[in-house]
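Inside the fold
Chain residues, written in single-letter form:
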Amino acid sequence: MSTQDIATLRQRTQGALEAHRKAARTVTVLSCLLAAHDALGYLPQEAIEEVARSTDHTINDVWGVASFYTNFRFTSPGEHTVEVCWGPTCHLVGAMNVLQAVQEALGLQGEGETADGRISLKYNTCLGACSQAPVIRSDEHVLGGMTPARALALLASLRHKQT
Amino acid sequence: MTNQITLTIDGKQVRTQPGKTVLQAAVDAGIYIPYLCYYPGMKPFGACRMCVIEVEGRRGTPASCTEPAANGMVVRTTTQPVQDLRRGVLELLLSEHPHGCLTCHRVELCGPQDICLRHVSVNDRCVICPKNERCELKDTVRLVGIDMDTPLSYNYRDLQVETRDPFYDRDYNLCIVCARCVRACEEVRGDNAITIIERSGTVLVGTSFGTSLLESGCEFCGACIDACPTGALVEREFKWEKAVSTVNTVCTLCPVGCQVKVEVDKRDRVIRTIGEVDAAANLGQLCFKGKFGLDFVNHRSRLKTPLIRRDGQLQEATWEEALEVVAQRLQAYRGRAFAALAGPAVTNEDAYLLQKFTRAVMGSNNVDMASNTRPEAVAPLGEILGYAAATGSIWDVERAQAILVVNSNTTEEHNVAAVPIKRAVKAGARLVVIDPREVELTRNAHLWLRPRPGAEGALLGGILRVIADESLGDEQFLAQHCDNIDGYRSSLAGFDLAQVEAITGVPQDQVRQAARVLAGARPASILYALDNIPTPQREPLVKALVDLALVTGNLGKVGGGLYPLLRGANEQGARDVGCMHQEQGLGVSEVFAAVGRGEVKAMLLMGYHHGLVNGEVEGALAALAGLDFLVVQDTFLTELTERADVVLPAASFAERHGTMTNQERRVQRLRPAKAFPGEARPDWWIIAQVAHRMGGSGFAYPDASAVFDEIAQAVPQYVGMSYARLDTVNGLQWPCPTAEHLGTPVLYAQGFPGGKVHLSRLSGMDHQPVAVGASRDFPLLWAPGRVLHQPDRDVQVVKGKGLNLLRRTEYLQAHPQDARTLGVAEGDAVELVTASGERHSFTVEVRDTLPQGLVSTTALFGELATELQASRDPLKMPKVQGLAVTPVRVERVG
């Protein structure tokens, strides 16, 4: 990462923390981490350092809190996120075929980001749309009635979409 | 004792104090309850569940480490359900810890020195653990009596051992996550350099993003290693070695005087040092120097025989020959032509005999401590208050509500003395730091006043003025204990706040705040080292600090007082026994000039003098060449022995009996842990031999204890002390007037020996703005700083030759006005040139938070730690440079 990018990450974190301090009634390490995570989509080292500085803790204190929660991520997400549901309902109607196709297309073994950093794959255990199973969430959209072919078409369209 | 409570543990009546836990009560009464996460001095944690007990009338099995002891409580620690529970807990712990060493059928057959290579599976045989036979987990397993049929399979975490950071290795495959290390770092030391990461099945100890300790705020004090119950954390040097004996003695690297347990192996080498928990001076704490710097005593380049210069070369000689040469040659220099200096780490016995020899045999008063370059730090306390020493105890500072630290890099130069400061701050005390440099304590301070170097006195005058103007002082204390109040007050007139601001560069507002903090909370402690204070300003500054302690009524109270932070490890002791410069003689500051003038022709230097007198006396080393005769008693060949006519090999602190007096007046015992190397002997013995040969009477001492008995007769504060007593009570703080007296932790609790104390008029603190930039070539002053942790700076950890290294952009902060004069702007590359020609590259940061005329930089302590780890010099720890403010020139690059 260039020095420029690092400076930007710091600035964006500082901005988010400042806004959070103005809006929130109580400011804690956790609430600061959430604010930074919301703003950046993940917690880079710079965000941990900025939260440490603004809350007067060491980076290790902050890391201890951040690493406790599995919903924080510490590497940058892909430009688009695809979540494949493998809950019981989706599973029964072929979710694993969909998942396999998606993983093959993205060149992934499990969850993670594609090599080009464009798409993140996550598992999901229920999106609350069992009537349309199997389901995929593509960024903010929930798409039902998935088949391997439709999933691949979706990935192709995501690859061409500008952010 | 009052307020005792009585409870029954396993049928035995146990008395304890309220606030103690059942576990503490049991341990105090000699009843052992197994535990792994509890550690003396830390708050109850209750994580390991090994110490479960049954309490009559209570459901379940509470952990005794979190259960407060209560009156009438009936506790059982060894019932069957409790034992079963403990075995279950241990089995769970062992499901993630290598335990071949515990389940091996030969465990009773193997002696403690043997390592087993055949009888357990290859991947976890005994030799993978450096704590073999020192492991608390192993002891616990044996005591609890776990069935030895636990299968060998366990979840091996397969983590790489961390060996790239300085001084110690971390093998988290052996970690049982008791969190003792995390709590040692957080609760005890106040550093938070490590933390518990993740949770449930994957929980472990680590640092942010798993990177190096170098950037995580670690001060490499080793407190975590001492607390670790397994082999997860170990010292890298002598990692696999086993101790055959352990001796309690005193670290001689700084005046805090930490007691250490020195472990010696079968080859008579010091292999480890562990802080003594039962020592009042350090409560088990050590620092990077005492933990990782004491093995210099093993070094093969130690001096082992006397050396005499013949034909320009130092040649080996016998004691007989060497002592004869010294005695013969010194005959010619009796009187003022002779001078003697004691090194910073000599014992009281050495220092006492050195001054006795110099005065009684040589007839000279030219005797001093080589580190006594700042006598003004202590002398005024004697003149004004009665005793030339700190008024309180180091750990009483923890009970202060407000703390002032003046020009001291405490965390590096008196490390353990900084621990109670940090702990007090964590507990809510207010810390004010006056220092132009950014040091670790400024990072912890509520108020960091950053005056122009040399304007510290004016700043203090401003603070005293505000206290007087706002009537913040302790009038009752003043009326009862002080006179010259009017004289003192009238001298404050010169310290108009607007003028103080102009002189110091510190905003008036901050001066007012500081005064309110320091006078508003009692008790308040004042610590000062006088780093970078010009000589003429030292005495007025210390007198002003005494005034501050008096007007705020902070003397004679626990948690209040004045603490001069001394230079030499035994400077207090040397002063007490008379080995210190007095009016009639030449002190360390004048003696080298006298050598230059030909007045002093022979010298004796005892003990190690790094950089001769802290590098503070210019030309000292060069002056030695002008001597007719030079005797050096030392442990290594140094720049001093190079110039010596006779070199006498001295024993180190680890090889001898003796006493040292630390900077809180605590007299403590040195005990021999190993044999003398070769012919080396204690300094007191050498000096007694020379004196004897020169016809001096009263130098026939059978041992060090006899020398101390004479000191106890000669020094009024030491009268009640003897080796036997010091051994029994583990150190005594003087004054100790009788053989029953328990020592004096706080001076002046019953008033002042001279009745009323004379408040000093403020004087000698320039009312004129300090002339920054004395020379045209070097117009700015550079305040180099060093801190543990700077989260606002980007740091990269790169892998060097086997070690982690820090890489980052270093910044030079300058005042906007200075930046304009230099023609530089934020982000420009500059070079800083010192008067001695050193060049350092920096990137400019323009800040108005520092005074005009000052430029400042801040390094990370991790860099120093890496350098020390890489250094092969056995004397690296005493050689760590202080942070000196120096004149510089800043040049633009490109």
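Residues numbered from 1 in each chain as written. Chains lettered and ligands numbered in written order. Predicted model: local features only at pLDDT ≥ 70, side-chain atom pairs only at ≥ 80, totals over all residues. Heavy atoms only, no water.

Examining the overall build of chain A
Looking only at helices and strands, chain A has 7 helices and 5 strands in total. Along chain A, helices and strands appear, N-terminal first, in the series α-α-α-α-β-α-α-β-β-β-β-α. For chain A, the spread of C-alpha atoms along the principal axes amounts to about 50 × 35 × 25 Å. The proportion of buried residues among the 163 residues of chain A is 44%. (Helix = DSSP H or I, 4+ residues; strand = E, 2+ residues; numbered from the N terminus. Buried < 20%, exposed > 50% of the residue type's maximum accessible area, 1.4 Å probe, protein only.)

Focus on the overall build of chain B
Counting secondary structure elements, chain B contains 28 helices and 36 strands. For 894 residues, the compact-globule estimate of 2.2 N^0.38 gives 29 Å, and the C-alpha radius of gyration of chain B, at 29 Å, lies within 12% of that figure. Here the C-alpha coordinates of chain B stretch approximately 80 × 70 × 65 Å along the principal axes. Scored against the burial criterion, the 894 residues of chain B give a buried share of 60%. Considering only intrachain contacts with a sequence separation of at least 6, the fraction spanning at least 24 residues in chain B is 72%. Taken as a whole, chain B presents about 33,800 Å² of accessible surface, with 49% of it coming from carbon and sulfur. Side-chain charges in chain B split into 93 positive and 104 negative, and the spacing between the mean points of these groups amounts to 2 Å. (Rg over C-alpha atoms; globule rule 2.2 N^0.38 Å. Contact = heavy atoms within 4.5 Å. Areas by Shrake-Rupley, 256 points an atom, 1.4 Å probe, with all protein chains shown as cover. Lys, Arg positive; Asp, Glu negative; His and termini not counted. Charge placed at Lys NZ, Arg CZ, Asp CG, Glu CD.)

Quick word on the environment of Glu321 of chain B
All names here are of chain B. Looking at where Glu321 falls in the secondary structure, it is placed in helix H8 (residues 319-330). Residue Glu321 is classed as partly exposed on the basis of its relative accessible area of 36%. Taking the C-alpha atoms as reference, Glu321 lies 60 Å from Thr843; in sequence the two are 522 residues apart. The residues touching Glu321, leaving out its near neighbours within four places in the chain, are Ile308 and Arg310.

Some words on the sheet that holds strand S32 (residues 811-814) of chain B
All names here are of chain B. Taken in spatial order, the 6 strands of this closed barrel run S29-S35-S32-S34-S33-S36, and their pairing is mixed. Between one strand axis and the next, the sheet turns by 45° as a mean value, whatever way the strands run. Here 2 bridges tie S32 to strand S35 (residues 854-860), and the two strands are oriented antiparallel to one another. What sits directly across from Gln813, in S35, is Ser856. Sheet contacts for helix H28 (residues 861-870): strand S29 (780-787) and S35; angle to S35, the most-contacted strand, approximately 55°. (Pairing = 2+ DSSP bridges. Axes fitted to C-alpha atoms, helices over the stretch in contact; angles between N-to-C directions.)

Let's talk about helix H24 (residues 683-693) of chain B
For the α-helix, the turn length of 3.6 residues means that residues three or four positions removed from each other point alike. Residue and element names in this part refer to chain B. A large share of H24 lies buried, amounting to 8 of its 11 residues. Where H24 is concerned, the buried positions are Asp683, Trp684, Ile686, Ile687, Ala688, Gln689, Val690 and Ala691. Those residues of H24 hidden inside the fold are in contact with H8, helix H9 (348-361), strand S22 (602-606), strand S23 (629-634), strand S24 (646-649) and helix H25 (704-714). Two residues or fewer past H24, Gly695 is found with a positive phi of approximately 90°.

Describing the pattern of salt bridges
Proximity of charged atoms lets side chains of opposite charge pair with each other. Residue and element names in this part refer to chain B. Summed over the entire model, instances satisfying the criterion amount to 60 salt bridges over all chains. Residues Arg669 and Asp727 are paired through a salt bridge, measuring 3.1 Å at the closest nitrogen-oxygen approach. Residue Arg669 is found in strand S26 (residues 666-670), and its partner Asp727 is found in helix H26 (residues 723-729); the two are separated by 58 residues along the sequence. Each of Arg189, Asp191, Glu219, Lys422, Glu440 and Arg443 takes part in salt bridges that share partners, so that together they form one network. (Salt bridge = Lys/Arg side-chain N within 4 Å of Asp/Glu carboxyl O.)

With respect to the sheet that holds strand S20 (residues 524-528) of chain B
All names here are of chain B. The parallel open sheet is built from 5 strands, whose spatial order is S18-S17-S16-S20-S21. Lying at the two open borders of the sheet, with one neighbouring strand each, are strand S18 (447-449) and strand S21 (561-564). For this sheet, the mean angle separating the axes of adjacent strands, direction not counted, is 15°. Examined bridge by bridge, strand S16 (residues 402-406) and strand S17 (residues 430-434) share 5 bridges and lie parallel to one another. Paired with Leu404 across the strands is Val432, a residue of S17.

Here we look at the domain arrangement of chain A
According to the domain assignment, chain A contains domain 1 (3-68) and domain 2 (80-160). The C-alpha-based centres of domain 1 of chain A and domain 2 of chain A are spaced at 31 Å. (Domains from an automatic or database assignment.)

Some words on the interface of chain A and chain B
Often, the extent of an interface is quoted as the loss of accessible area upon association of its parts. Listed per partner, the contact involves 21 residues of chain A and 20 residues of chain B. For the pair chain A and chain B, the summed buried surface comes to about 1,800 Å²; carbon and sulfur atoms form 53% of the total. For chain A, the biggest contributors to the area lost against chain B are Gln45, Asn60 and Trp63 of chain A; these three give 33% of the whole. In this structure, the connection of chain A to chain B is made through 1 salt bridge. Seen at the junction of chain A and chain B, the total is 13 residue pairs in polar contact (both at pLDDT 80 or more). Those elements that place two or more of their residues in the side of chain A that touches chain B are helix H1 (3-23), helix H3 (45-55) and helix H4 (59-68) of chain A. With 7 residues, the single largest contributor to the side of chain A that touches chain B is H4 of chain A. Taken together, the residues that form the side of chain A that touches chain B break down as 9 nonpolar, 7 polar and 5 charged. (Buried area = accessible area lost by both parts, 1.4 Å probe. Polar contact = N/O pair within 3.5 Å; in protein donor to acceptor, adjacent residues only side chain to side chain. Nonpolar A, V, L, I, M, F, W, Y, C, P; charged D, E, K, R; others polar.)

Quick notes on the nonpolar core
Membership of the largest hydrophobic core comes to 85 residues, with the highest contact counts inside it found for Leu33 of chain A together with Phe167, Tyr168, Ile194, Phe220 and Leu233 of chain B. The biggest single contributor to this core is helix H2 (residues 29-40) of chain A, with 5 residues. Setting aside anything within four residues of it in sequence, one finds Phe220 of chain B in contact with Pro166, Phe167, Tyr168, Leu213, Leu214, Cys287, Phe288, Phe292, Phe861 and Ala865 of chain B. With 58 residues, the next largest nonpolar core counts Leu353, Phe629, Val646 and Ala704 of chain B among its residues. (Core = buried A, V, L, I, M, F, W, Y, C linked by side-chain atoms within 4.5 Å.)

Describing the domain arrangement of chain B
Along its sequence, chain B is carved into domain 1 (5-113), domain 2 (168-298), domain 3 (307-373 + 569-733), domain 4 (375-564) and domain 5 (780-892). The gap between the C-alpha centroids of domain 1 of chain B and domain 4 of chain B is 46 Å.

With respect to the packing of H8 of chain B against H24 of chain B
Each pair of packed helices can be described by the angle between their axes along with the distance between the axes. All names here are of chain B. Contact geometry for H8 and H24: axes closest at 9 Å, N-to-C directions at 60°. Judged by the inter-axis angle, H8 sits oblique to H24. Crossing angle aside, the handedness with which H8 passes H24 is right-handed. Counting all contacts with H8, which are made through Trp319, Glu320, Leu323, Glu324, Val326, Ala327 and Leu330, the residues of H24 involved are Trp685, Ile686, Gln689, Val690 and Arg693. (Parallel < 35°, antiparallel > 145°, perpendicular 65-115°, else oblique. Left-handed = near helix turned anticlockwise from the far one by under 90°.)

Looking at the state of the cysteines
Residues and elements named next belong to chain B. With the rule as written, the count across this model stands at 0 disulfides over all chains. Summary of cysteine pairing: Cys48 is not part of a disulfide, and the nearest cysteine sulfur, belonging to Cys37, is at 3.9 Å. With no disulfide of its own, Cys185 has Cys218 as its nearest cysteine by sulfur position, at a separation of 6.6 Å. (Disulfide = S-S within 2.5 Å.)

Some thoughts on helix H17 (residues 497-504) of chain B
Residue and element names in this part refer to chain B. Buried residues of H17: Leu497, Val500, Ile503 and Thr504, and no others. The buried residues of H17 occupy one face: seen down the axis, they fall within an arc of 120°. Structurally, H17 contributes buried residues whose contacts are with helix H14 (456-469) and helix H18 (508-520). Count one or two residues on from H17 and you reach Gly505, which has phi positive near 80°. (Arc of directions from axis to C-beta.)

Structural notes on unusual backbone geometry
Of note, the bond from Ala133 of chain A into Pro134 of chain A is cis; its omega dihedral lies within 30 degrees of zero at -5°. Mapped onto the fold, Pro134 of chain A is located in the loop between strand S3 (119-124) and strand S4 (136-138). The omega torsion across Trp734 of chain B and Pro735 of chain B is 0°, close enough to zero to call that bond cis. Structurally, Pro735 of chain B can be placed in the loop between strand S27 (732-733) and strand S28 (757-758). Even without being a glycine, Val177 of chain B presents a positive backbone phi close to 50°. The topology assignment puts Val177 of chain B in the loop between strand S5 (168-170) and helix H5 (180-188).

Regarding the environment of Glu316 of chain B
Counting through the fold element by element, Glu316 of chain B comes out in strand S13 (residues 313-316). Those residues in contact with Glu316 of chain B that lie beyond four places of it in its chain are Thr305, Pro306, Leu307 and Arg310 of chain B.

Digging into the packing of aromatic side chains
Residue and element names in this part refer to chain B. In this structure the tally under the stated criterion is 24 aromatic pairs over all chains. Relative to Phe220, the ring of Phe167 has its centre 6.0 Å away and its plane inclined at 75°; by these criteria the two rings are edge-to-face. With a gap of 53 residues between them, Phe167 in the loop between helix H4 (136-144) and S5 and Phe220 in the loop between strand S7 (204-206) and helix H6 (223-227) connect regions that are remote in the sequence. The residues Phe167 and Phe220 share a single accessibility class, namely buried. Ring pairing ties together the aromatic residues Phe167, Tyr168, Phe220, Phe288, Phe292 and Phe861, which thus form one cluster. Just above the ring of Phe699 sits the side chain of Lys356; from NZ or CZ to the centre is 4.9 Å. (Phe/Tyr/Trp six-rings, centres within 6.5 Å; stacked < 30°, edge-to-face > 60°. Lys NZ or Arg CZ within 6 Å of the ring centre and 35° of its normal.)

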